[in-house]
Every structure is written in C-alpha cells, then in structure tokens.
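Structural characterization, general
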Amino acid sequence: MILHKNMINDASYSFHSNRFWKIRVLHRLSIVLLFTTGMSAQTYICGGAAARSSVRQVIAKNSVYSLTAAGFDLGTAPEHIDASGCTSSKTFFFSVPLPEGNYTVSMVLGGAASSVTTVRAEARRLMLARIWTSAGHYRSESFTVNIRRPEIAEGSVVNRKPREMGSLNWDNKLTIEFSGQQPSVRSIRIQPAGPTTPTVYLAGDSTVVDQDNEPWAAWGQMLPSFFGRGLAISNHAESGETISSFVGEKRFDKIFSMLKKGDYLFFQFAHNDQKLGSGYVSPQSYAGLLRKYIAMTHDRGATPVLVTSMNRRTYDSEGNVKDSLAPYPETMRSVAASEHVALIDLNAMSKTLYEAIGEKDSRSLFVYAPANTYPGQPAALHDDTHFNDYGAYELARCVVLGIQQNKIPLSKFLREPAVRFDPGHPDATGAVALPATPFVDIQKPYER
C-alpha cells in the first residue's frame, strides 16, 4: 500500500496522486492499551490484560487512532498481536494525541519471531535504525522526540506551503512508524521530557528538511538516530526556503517563540538564496541576516551553529567536485569567524565525500531511479541536489563529525561518542540501507 503524506486523521484516509482516493482501515485491531495518568506518562502494551484503576485505563479492542484516543494509524495494523508483541510483515503506524513539546519514548522491541525493526517518528525522522532481536528475546530502547504545531505563542501561525498541509510534522499527535523485517514491538511508554531538555532547532532548506516521502531524504531527518534520550531535535527546515523566506513565513518566529537557554539553533542555507529572481538573497543580505539571528540566539541563552551547504553533484573532467554555491559557503565561514560561533563545514566535507566515492558511483547518494521504480513514475528520476536515505545518512554523519570537531556540548548525548566518521572513507551503500516507508511521491521537492 502506498500512502501519501496528506492524510486526514479519521477512520478513513485520503492521499493525493493526481486524484484523491479513500483508504479504508484494513485490519480491525486487537491490542490492550494501558494508559497512565497523573504524571502524564502513557504506556501501551501489546496483548495481555491490564487492570482498570484510577491511574490505569484499558483501551478497548479494535482501537484505531482518533483525536482523543491512541491507536494504530494511517490504515495500518500489525498482522499478529498478543502478549509477545505487535508484529507484522509490513510497516505499521501508531499514533498518540499529544500537545506540542518534547517527549521521551521508551519501548521494548522484539517478539515471538526474530525481527529487525527500524523506528521512525513523525514525518520519517529516523530514531532507531535496524534493531535486531532473536526469537523470544527483547531489547529496550529510548529516545527523545519533538512534536510541534503551526501556532506561534504570539497568536500568529507559520505560513506553510500546500505540501505541508496534513504533514505528520504539523499535526496534533505523535506518530511512530515500525518497519523492517518482521518489525515487532512489545510496549511503548511516552512521557514529557521535562522543561529543561535541550533542543536542537534546524533551520534550512530541502537538503535539511524531514522529507515526508520516498525516495527523498535529507540529513536533518537522519540526525536524531545518532542521539540517545535527553536531547530533542526539532527540524523546522522546509523545501524551497531561503534565510529571507524563513523570516517572511514566520518560521524563525516559531523557533524563537520556543528557543530557551541551553538550546541550539543550526543554520544551513544557500541552495535557494543564490537563485536569481524574486527569492534571491544577496551575499550581503545573507551575511546580515545570519548575524541578526546569531545575536538573537545568544540573547535567548542558546547556541548558534552555522552549517555550510553541501555541494551539488557537479564534477569537472578530472573527477573533482566543482563549487556551484559560491560565494555563500565562504560568506558563512567569514560570518562564523567574525561572530566567534561554531562552523560545521559540510560544504568541504561533502566535497571530500563525493570525490572519495567518485563521479559515477556518487549517484548512489542522490535520487536516481529507473522508470517505473515507483508507482506512477513513467520517466527516470535524475536529481543531483536531493538525496536518498544513504546520501542523507552519510551527510548526517558529517554533521555529527562537525559537532565532535567543534566540541559542542551536545556531543555528550551521542549514542556512540567515540565513533568518528571519515568522509574520505564513507560507509558502503548496503551498510546503511534502511527499509522504505510507504509514503511515496515522485515529484521533486519544491524549489524556488
């Protein structure tokens, strides 16, 4: 089943691919959900039984997600549900109605059969990659996730693009996706992460955004998988954005309405800023806006981090990457030096990465797909700007390396703080292969 990102939150769902379809809920559910109030912690247990009390409520069988109740979502459900776990041969989604904020999610993965489970949250944010459990064995994992709404504290709202309407990133629930080889989960516990939990806010374009649909991906949606519980990543990047449009669409307003002492704000712009036309941002204006928002970040007691934009897939006749983004990376380097803020030079690291892989094989990082790879795709996809899962993951590793090199304090939340990536020796393609999610859209991400 192929689902589109713009789905309504009801017992039936619709998606758009030149026309609207109605998808009925395919399975009636058999799960016992244990809901714990008091501390706002919510625990959901597959199968079994739970006593009803003042602090425990058993959710009835055959439950699906609604605006007031947790349950399986987007027309999916596990094929097998009992006390050993919720298990399926296909991807399934579980959603919980929650207000905006950071939440710590603890889950027990595994089931009666062996499984390899990948966990994503919201709009395909990678939280846990390929967790293996043998038959009858279980593994406890946890992470902290951010959920948000478009409303801003001052009473205004983020000016979202049509493609964002219905996105899982902007709704009133937390959605968790389970995929892989017999993905299986036994229990899920969700609780508020606490007001002092540090949050990393990401501001950028289509190369950073949580790309809702296959086959597209960006480094921002891969970054959460490198961090354990206690740190949230809130990705506000959006396709087609410039540093100027981020202002006009009130995306910076949204971030600064929440930014607090101990948080971080990562900036990565240039791909759209450089394009001549109504959206053009001159290098001078680009530098001025960077300085303005660096100062505002400092005023909140937060830490700004500048990230130079990665290269496009452009090579010269000798196999060297040609710079197609000048002078913006150098402008950002200059601003970082003059303002004494951390710089992650993704532009330089991506050059090393692409040249190490080579011009021909570098297509493995980007969205290249023969015709008919995806439903409704009559022509081949060739994109030298936007990444697939593998490319986005490798760039996220570069960003993590930059965090380590700059000795940014959020390094202490890394799952593997001692591991350092070498862009000159990238992972093999298969080493980071991730299961496809059922959201598919062959249209190129929005650009200016």
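Notes on the structure follow. Given the structure is predicted, the values throughout are model-derived calculations rather than measurements. (Residues numbered from 1 in each chain as written. Predicted model: local features only at pLDDT ≥ 70, side-chain atom pairs only at ≥ 80, totals over all residues. Heavy atoms only, no water.)

Points about the overall build of the protein chain
- Counting secondary structure elements, the protein chain contains seven helices and 22 strands.
- Across the 448 residues of the protein chain, 56% fall into the buried class.
- Considering only contacts within the protein chain whose residues lie at least 6 apart along the sequence, 73% involve residues at least 24 apart.
- Carbon together with sulfur atoms contributes 52% to the accessible area of the protein chain, which is approximately 18000 Å² in total. (Helix = DSSP H or I, 4+ residues; strand = E, 2+ residues; numbered from the N terminus. Buried < 20%, exposed > 50% of the residue type's maximum accessible area, 1.4 Å probe, protein only. Contact = heavy atoms within 4.5 Å. Areas by Shrake-Rupley, 256 points an atom, 1.4 Å probe, with all protein chains shown as cover.)

Some remarks on the sheet that holds strand β17 (residues 232-235)
- Taken in spatial order, the five strands make up an open sheet running β17-β16-β18-β19-β20, and their pairing is parallel. This sheet does not close on itself; its edge strands, each paired only once, are β17 and β20 (342-344). Neighbour to neighbour, the strand axes of the sheet diverge by 25° on average, direction disregarded.
- Here strand β18 (residues 264-268) runs beside strand β19 (residues 303-307); their pairing, made up of four bridges, is parallel. Pairing of F266 across the sheet is with V305, part of β19.
- On top of the sheet, helix α5 (residues 328-339) reaches β18, β19 and β20; it is set at about 155° to β19, its chief contact. (Pairing = 2+ DSSP bridges. Axes fitted to C-alpha atoms, helices over the stretch in contact; angles between N-to-C directions.)

Description of the nonpolar core
- With 48 residues, the main nonpolar core has W219, F227, F266, Y354 and L410 as its most contacted residues.
- Looking at this core, the elements that each hand over two or more residues are β16 (199-204), α1 (219-222), β18, β19, β20, α6 (346-357) and α7 (389-405).
- At ten residues, α7 tops the list of elements feeding residues into this core.
- If near-sequence neighbours (up to four positions away) are discounted, Y354 is found in contact with M310, N311, R312, Y315, V321, L365, F366 and F387.
- Membership of the second largest hydrophobic core comes to 28 residues, among which are Y44, I81, F94 and I188. (Core = buried A, V, L, I, M, F, W, Y, C linked by side-chain atoms within 4.5 Å.)

Focus on the pattern of salt bridges
- Counted by the stated rule, this structure contains 23 salt bridges.
- R163 is the partner of E238 in a salt bridge, and the nearest nitrogen-oxygen pair spans 2.3 Å. A residue pair is termed long-range when its members are at least 10 positions apart, and E238 in the loop between β17 and α2 (243-248) and R163 in the loop between β13 (138-147) and β14 (173-181) qualify at 75 residues.
- Between E249 and R251 there is a salt bridge; the shortest N-O distance is 2.7 Å.
- The exposure class of E249 is buried, given its relative accessible area of 13%.
- On the basis of relative accessible area, R251 is assigned to the buried category, the value being 2%.
- The network of salt bridges with common partners includes R120, R124, E177, E214 and D389. (Salt bridge = Lys/Arg side-chain N within 4 Å of Asp/Glu carboxyl O.)

What about the state of the cysteines?
- All told, the structure shown has one disulfide when counted by the stated rule.
- In this model, C46 is linked to C86 through a disulfide, with the two sulfur atoms separated by 1.8 Å. Across the disulfide from C46 to C86, rotation about the S-S bond amounts to roughly -115°, and the bridge is consequently left-handed. Of this pair, C46 sits in the loop between β4 (42-45) and β5 (56-59) while C86 sits in strand β8 (residues 85-87); the two residues are 40 residues apart in sequence, bridging distant segments of the chain.
- For C86, a relative accessible area of 1% translates into the label buried. (Disulfide = S-S within 2.5 Å.)

Focus: the environment of P195
- Assignment of secondary structure puts P195 in the loop between β15 (184-192) and β16.
- Under the relative-accessibility criterion, P195 is labelled exposed at 73%.

Focus: α6
- Helix length check: α6, at twelve residues, gives a terminal C-alpha distance of 16 Å against a target of 16 Å (1.5 Å per residue), a fit within 8%.
- Taken together, the buried positions of α6 are L346, N347, M349, S350, L353, Y354 and I357. Projected down its long axis, α6 shows its buried positions confined to an angular sector of 160°, all on one face.
- One or two residues past the end of α6 sits G358, with phi positive at roughly 95°. (Expected span 1.5 Å × (residues − 1). Arc of directions from axis to C-beta.)

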